[in-house]
Amino acid sequence: VPLGLASFSLSCMTLSLINANVRGVTNVKLLISLFMFFGGAIELFAGLLCFVTGDTYAMTVFSSFGGFWISWGCINTDQFHSITGYGEDTQMLNNAIGFFLAGWTVFTFLMLMCTLKSSWGLFLLLTFLDLTFLLLCIGSFIDDNNVKMAGGYFGILSSCCGWYSLYCMVVNDDNSYFSFRATMMPNAPIV
């Protein structure tokens with residue numbers, strides 16, 4: 001699970017910084033390898049490892065988001081002609097991206113509902129991520145960069161929750177002086 005959170009959080013942070021147009025950066029080309037290999041392949045691998053341990057939820061989430069990152073990398077890779085295939089019809093391209101993001105909004109909401117008895121970090125990660133997808137989806141449909149930028153900022157928050165959850169899972173008294181414990185939601189099972 002920490003490996004899946006690491007690959008997700010790094011990929012989400014970098015893409016969200018670009019979606020938010022931080023420091024004027026709007027081109028994702030440099031990050032395609034990160035999306036396809038660390039966010040995609042490593043997260044997919046983490047999901048498969050969760051399958052071996054019998055954690056169906058983590059397997060579903062990590063494998064699915066691994067597929068998301070590979071897909072997003074492919075969409076932005078020139079060789080797939082995903083974007084250039086629309087030619088000058090930017091409205092159709094924006095609508096197609098909106099459909100893609102709408103599907104991820106629904107999937108993320110369903111996975112969010114499965115964190116209601118989990119840690120606050122995981123719950124907030126998926127809450128912010130769902131808002132990210134929703135705002136990016138709306139921003140694509142109406143072609144509004146400000147809405148997409150708002151989605152980018154929610155993605156940054158989601159990534160920070162992922163980093164926090166990751167740290168809580170790997171830190172212990174043997175490896176750090178700064179130990180945090182995940183705060184659990186009400187009625188969460190005692191582990």
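A brief report on the enclosed structure follows. For clarity, every value in this text was computed on a predicted model and none was experimentally measured. (Residues numbered from 1 in each chain as written. Predicted model: local features only at pLDDT ≥ 70, side-chain atom pairs only at ≥ 80, totals over all residues. Heavy atoms only, no water.)

## Quick look at the overall build of the protein chain
Piece 1. Within the protein chain, the regular secondary structure consists of 6 helices and 0 strands.
Piece 2. Ordered by position in the sequence, the α and β elements of the protein chain form the string α-α-α-α-α-α.
Piece 3. Whereas a compact globule of 191 residues would reach a radius of gyration of roughly 16 Å, the protein chain reaches 17 Å, a difference of no more than 12%.
Piece 4. Out of the 191 residues in the protein chain, the part that is buried amounts to 45%.
Piece 5. Counting contacts in the protein chain only where the partners sit at least 6 residues apart, residues at least 24 apart contribute 66% of the total.
Piece 6. In the structure as shown, the protein chain presents an accessible area of about 10,300 Å², 70% of it carried by carbon and sulfur atoms.
Piece 7. Both charge centroids of the protein chain, one from 5 positive and one from 10 negative side chains, sit 6 Å from each other. (Helix = DSSP H or I, 4+ residues; strand = E, 2+ residues; numbered from the N terminus. Rg over C-alpha atoms; globule rule 2.2 N^0.38 Å. Buried < 20%, exposed > 50% of the residue type's maximum accessible area, 1.4 Å probe, protein only. Contact = heavy atoms within 4.5 Å. Areas by Shrake-Rupley, 256 points an atom, 1.4 Å probe, with all protein chains shown as cover. Lys, Arg positive; Asp, Glu negative; His and termini not counted. Charge placed at Lys NZ, Arg CZ, Asp CG, Glu CD.)

## Some points on a nonpolar patch on the surface
Piece 1. Judged by side-chain polarity, Phe99, Leu131, Leu134, Ile138, Phe141 and Ile142 come together as a nonpolar surface patch covering roughly 540 Å² of accessible area.
Piece 2. It is helix H5 (residues 120-142) that provides the largest number of residues to the nonpolar patch, a total of 5 residues.
Piece 3. Structurally, the position occupied by Phe99 is in helix H4 (residues 90-113).
Piece 4. Among the residues examined, Phe99 registers a relative accessible area of 59% and is labelled exposed. (Patch = residues over 30% accessible without salt bridge, like charges linked within 9 Å, V, L, I, M, F, W, Y side chains within 5 Å. Salt bridge = Lys/Arg side-chain N within 4 Å of Asp/Glu carboxyl O.)

## Quick look at the packing of aromatic side chains
Piece 1. For the structure shown, the criterion picks out 20 aromatic pairs.
Piece 2. Centroid distance Phe100 to Trp104: 6.4 Å. Interplanar angle 65°. Geometry classified as edge-to-face. One end of the pair is Phe100 and the other is Trp104, both in helix H4 and 4 residues apart, which spans about a single turn.
Piece 3. Judged by its relative accessible area of 23%, Phe100 is partly exposed.
Piece 4. Between the aromatic rings of Tyr164 and Phe180, the centroid separation amounts to 6.3 Å while the plane-to-plane angle is 45°, which identifies the pairing as tilted. Placement of Tyr164 in helix H6 (residues 145-170) and of Phe180 in the segment after H6 is noted, with a sequence separation of 16 residues between them. (Phe/Tyr/Trp six-rings, centres within 6.5 Å; stacked < 30°, edge-to-face > 60°.)

## Notes on the nonpolar core
Piece 1. Core analysis: the biggest nonpolar cluster contains 35 residues, and Phe35, Phe65, Phe68, Trp69 and Phe133 have the highest contact counts within it.
Piece 2. Of all the secondary structure elements, the ones that give two or more residues to this core are helix H1 (2-19), helix H2 (32-53), helix H3 (56-75), H4, H5 and H6. (Core = buried A, V, L, I, M, F, W, Y, C linked by side-chain atoms within 4.5 Å.)

## A short note on the environment of Phe37
Piece 1. Inspection of the secondary structure assignment puts Phe37 in helix H2.
Piece 2. Sequence separation between Phe37 and Trp69 is 32 residues, and the spatial gap between their C-alpha atoms is 8.5 Å.

## Describing the layout of surface pockets
Piece 1. In this structure, the largest pocket occupies an estimated 750 Å³ of space.
Piece 2. In terms of lining, the largest pocket is formed by 31 residues, of which the most central are Asn19, Trp72, Asn76, Ile97 and Lys148.
Piece 3. When contributions to the lining of the largest pocket are tallied by element, the ones reaching two or more residues are H1, H3, H4, H5 and H6.
Piece 4. Top contributing element to the lining of the largest pocket by residue count: H1, with 6 residues.
Piece 5. When the residues that make up the lining of the largest pocket are grouped by side-chain class, the tally is 17 nonpolar, 11 polar and 3 charged.
Piece 6. Size it by volume and the second largest pocket reaches roughly 560 Å³.
Piece 7. Lining the second largest pocket are 29 residues, and of these Val1, Ser118, Ser119, Leu122 and Met169 lie nearest its centre.
Piece 8. For the lining of the second largest pocket, the elements supplying multiple residues, two or more each, are H1, H3, H5 and H6. (1 Å grid on protein atoms, 1.4 Å probe; cavity = no way out; pocket = protein on both sides within 12 Å on 5 of 7 lines; lining within 4 Å. Points joined across faces, edges and corners; volume = space filled by probe spheres on them. Nonpolar A, V, L, I, M, F, W, Y, C, P; charged D, E, K, R; others polar.)

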